[in-house]
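# Structural overview
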Amino acid sequence: MKKQVLIGAPLLFAAVGILAPALAGASNNYTPACTQINNTAHVSFKVGGVDQGPSGNGLDSTTASFYVGVKVNVSVASTDSNNVTVYPGSTAAPLTFTVTNNGNAHQKYALSYVAEVNGTPSPFSGSDAFNSTGVTLSSAAIADLAPDASQTITISADTPLSQTDAQVAVYALKAQTQWLGTSTDVTADGSAKGSVIGGALCPAAGPGTADIDVVVGDGAGSDDGARDGAHSARDAYQVTAANLTIQKSSAVVYDPVNCSSYSPLTCSGAVRAIPGAVVEYTIQIANSANGTATNVTVKDAIDSSLSFYADGYASTKGIQVTSPNINGGAPLALSNGSDADQGDFNATNAGAVTVTGIQVAKDDTAYVKFRASIK
Amino acid sequence: MRKIVLALTAALLLAPALAPAQQKGVELKSTAEVEVAQKDGKGEQVVKRVEASKANVLPGDTVIFTIGYVNNSDQPATAVVLGNPVPKQMLYLDGSARGEGARIDFSVDRGASFAPLEKLKFITAAGKERDASAADVTDIRWTLERPLEKGGKGSVSYGARVK
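Residues numbered from 1 in each chain as written. Chains lettered and ligands numbered in written order. Predicted model: local features only at pLDDT ≥ 70, side-chain atom pairs only at ≥ 80, totals over all residues. Heavy atoms only, no water.

## So, the overall build of chain A
A count of helices and strands for chain A gives zero helices and 25 strands. Taken across its 375 residues, chain A has 42% of its residues classed as buried. Long-range contacts, defined here as pairs at least 24 residues apart, represent 70% of the contacts in chain A between residues at least 6 apart. Counting only carbon and sulfur atoms, one obtains 51% of the accessible surface of chain A, whose full area is about 17,000 Å². (Helix = DSSP H or I, 4+ residues; strand = E, 2+ residues; numbered from the N terminus. Buried < 20%, exposed > 50% of the residue type's maximum accessible area, 1.4 Å probe, protein only. Contact = heavy atoms within 4.5 Å. Areas by Shrake-Rupley, 256 points an atom, 1.4 Å probe, with all protein chains shown as cover.)

Here it is as structure tokens:
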């Protein structure tokens, strides 16, 4: 063994790179695991003025060789940019993720989801307040993901009807590295190395492959630690529901004593709720939540002490609707019979006023009015 | 083509003679090492060099190649030039080439031309010329400035990062 003399200042290179996070979207183009790297130097020289070496071309050095180890690095990211909107009763809503192999070897990934506990913050806004039902993954595993390749994975779930507006459910997707063709988790440096080298991962096993090692270099995810062969990220559902409030009010508009005419209405002094008086009922529907309520139906039975006033708003039009989606939001008188318009009396429901097709968005209000005379 | 045939013939003719007898002249030995940070007995971080073939070498890691040379002939060797192609899976680290008493030149065209790195130009795949950088280096050459006396020895080295 000849003594090697090192010349010059020592090259103090820190062992960087293992934990350097991969740039999003960038390809690492790492040297594949198990690649043999050889370094051979050459010397040319003269002795006695004559070029030396076989055919005078000098001599090669011994070859210094090593194998590139297996770098395990997986990342999971949500591709949604906000909480995913769901509605009470909605089914199979997707949370979308990508799983990326940032290592230098083909890997298998076992996939699982975590239903976060109440109070877990969403990566976007709000915090977990309920659990979805029927939670499924688009696949249970990625059988073979090449270095620098990504695959899209979705969590899909149903939203219980009982959920209310703005509630959030947080889920995480976790990808655990496994050796190709196995269900063996890669959780630490050197994991199950014996089953890998010379197998599917390093098919070109040769002298020295026993020295190939496995280094796990993933970062900590939302639901896993650093350098554990796994990575995870969170995404969330947010419920959008309507919250309707209904108020009914009444006002006497005509009485036979204080008024001389109903149309045009001509009264003097305060009108009184006396037999023969006409009362206007107003049903107010308001929505204080984020979801738009569609196909709202108002049904109101006329009390037996009252008679529906058939000509309340025009001849044979005793119902009036005011809704943002009807008649451009302006009041519309509806005919009493069962026909194409949105309302009727004593047709859809016996003895009752029925108005259909009302739509109320967040912070909007709709009104249904009808009149009745006191018996 | 003819040159290659001739070289092969020469190698075949010389092979039996070379195999048993040690070729006298300047002999080289190439080693590859990585630096590993360890804690010493006092708990302080020390950097130790380990043979690359016995360490975990991963993409992004730095490997130090050392080429030791010794003159085993009976006479001084003159015009000693050491050349080392950078393995294609590796990127030369700027400023890492060392060699006492040697002029260090670089090539970015697989050894067709050599010069100090700051004087080299690199032709990109798109055909444009720009100043060469360390990552373009394909070959390193050390030219010993003085004859190597009988028994004289030394070493040169460089660092490179696994792609």
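## Some points on unusual backbone geometry
All names here are of chain A. The omega torsion across Ser-263 and Pro-264 is -5°, close enough to zero to call that bond cis. Considering the arrangement of structural elements, one finds Pro-264 in the loop between β16 (259-261) and β17 (266-267). Non-glycine residue Ser-55 carries a positive phi angle of around 55°. Inspection of the secondary structure puts Ser-55 in the loop between β2 (50-51) and β3 (59-67). Ser-55 gets classed as partly exposed once you look at its relative accessible area, which sits at 45%.

## Here's the deal with the interface of chain B and chain A
Facing the 60 residues of chain B at the interface are 51 residues of chain A. In total, chain B and chain A occlude about 4,500 Å² of area from one another, counting both sides; carbon and sulfur atoms represent 60% of this. Put simply, chain B and chain A have zero salt bridges between them. Of all the secondary structure elements, the ones that give two or more residues to the side of chain B that touches chain A are α1 (2-18), β1 (26-39), β2 (45-51), β3 (62-71), β4 (77-85), β6 (98-99) and β11 (153-162) of chain B. Tallying contributions element by element places β4 of chain B first for the side of chain B that touches chain A, with nine residues. (Buried area = accessible area lost by both parts, 1.4 Å probe. Salt bridge = Lys/Arg side-chain N within 4 Å of Asp/Glu carboxyl O.)

## Side note on the sheet that holds strand β9 (residues 133-137) of chain A
Residue and element names in this part refer to chain A. Pairing in this open sheet of four strands is antiparallel, and the strands run β5-β7-β11-β9 from one edge to the other. Of all the strands in the sheet, just β5 (74-78) and β9 have a single pairing partner and so form its edges. Neighbour-to-neighbour, the strand axes of this sheet turn through a mean angle of 20°, independent of strand direction. Pairing geometry for β5 and strand β7 (residues 93-101), over five bridges, is antiparallel. In the sheet register, Ala-77 faces β7, and the bridge partner there is Thr-98. (Pairing = 2+ DSSP bridges. Axes fitted to C-alpha atoms, helices over the stretch in contact; angles between N-to-C directions.)

## Examining the state of the cysteines
Residues and elements named next belong to chain A. Taken as a whole, this structure holds one disulfide over all chains when the rule is applied. Between the sulfur atoms of Cys-259 and its disulfide mate Cys-267 the distance is 1.9 Å. Here the disulfide of Cys-259 and Cys-267 is right-handed, its torsion about the S-S bond being about 100°. Owing to a relative accessible area of 34%, Cys-267 belongs among the partly exposed residues under this scheme. (Disulfide = S-S within 2.5 Å.)

## Thoughts on the pattern of salt bridges
In total, this model carries 12 salt bridges over all chains according to the counting rule given. Across the pair Glu-35 of chain B and Arg-49 of chain B runs a salt bridge, and its minimum N-O distance is 3.3 Å. A residue pair is termed long-range when its members are at least 10 positions apart, and Glu-35 of chain B in strand β1 and Arg-49 of chain B in strand β2 qualify at 14 residues. Of the residues examined, Glu-35 of chain B reaches a relative accessible area of 7% and is grouped as buried. Overall, the relative accessible area of 22% leaves Arg-49 of chain B in the partly exposed class. Connected through salt bridges with shared partners, the residues Glu-116, Asp-223 and Arg-234 of chain A form a single ionic network.

## Let's talk about the sheet that holds strand β24 (residues 352-360) of chain A
Residue and element names in this part refer to chain A. Pairing is antiparallel in the open sheet, where three strands are placed in the order β19-β24-β23. Lying at the two open borders of the sheet, with one neighbouring strand each, are β19 (293-301) and β23 (343-345). The mean inter-strand angle of the sheet, taken between neighbouring strand axes irrespective of direction, is 15°.

## Considerations on the confidence of the model for chain B
Within chain B, residue pLDDT values average 84, and 86% of them lie at 70 or more. This model gives residues 1-22 of chain B a pLDDT under 50, and the stretch forms six contacts once residues within four places in sequence are excluded. (pLDDT = per-residue confidence, 0-100.)

## Side note on the pairing of strand β14 (residues 230-239) of chain A
Residues and elements named next belong to chain A. β14 sits mainly inside the fold: eight of its 10 residues count as buried. Two strands pair when backbone bridges link them, and strand β6 (residues 84-86) and β14 are joined in this way by three bridges, in the parallel orientation. From the neighbouring strand, Val-86 faces β14, where its bridge partner is Val-239. Inspection of the sheet shows strand β12 (residues 168-178) paired to β14 by nine bridges, in the antiparallel sense. Counted as the bridge partner of Lys-174 is Ser-232 from β14.

## Remarks on the pairing of strand β25 (residues 365-374) of chain A
Residue and element names in this part refer to chain A. Counting buried residues along β25, seven of its 10 residues qualify, which places the element largely inside the surrounding structure. Inspection of the sheet shows strand β18 (residues 278-287) paired to β25 by nine bridges, in the antiparallel sense. When the sheet's bridge partners are listed, Ile-285 is paired in β25 with Ala-366. Bridging between strand β20 (residues 306-308) and β25 involves three bridges; their strand directions are antiparallel. Opposite Leu-306, over in β25, you have Ile-374 as the bridge partner. Two elements, strand β21 (residues 319-322) and β25, share four bridges in a ladder whose sense is antiparallel. Residue pairing for β25: Gln-320 is matched across the bridge by Lys-369.

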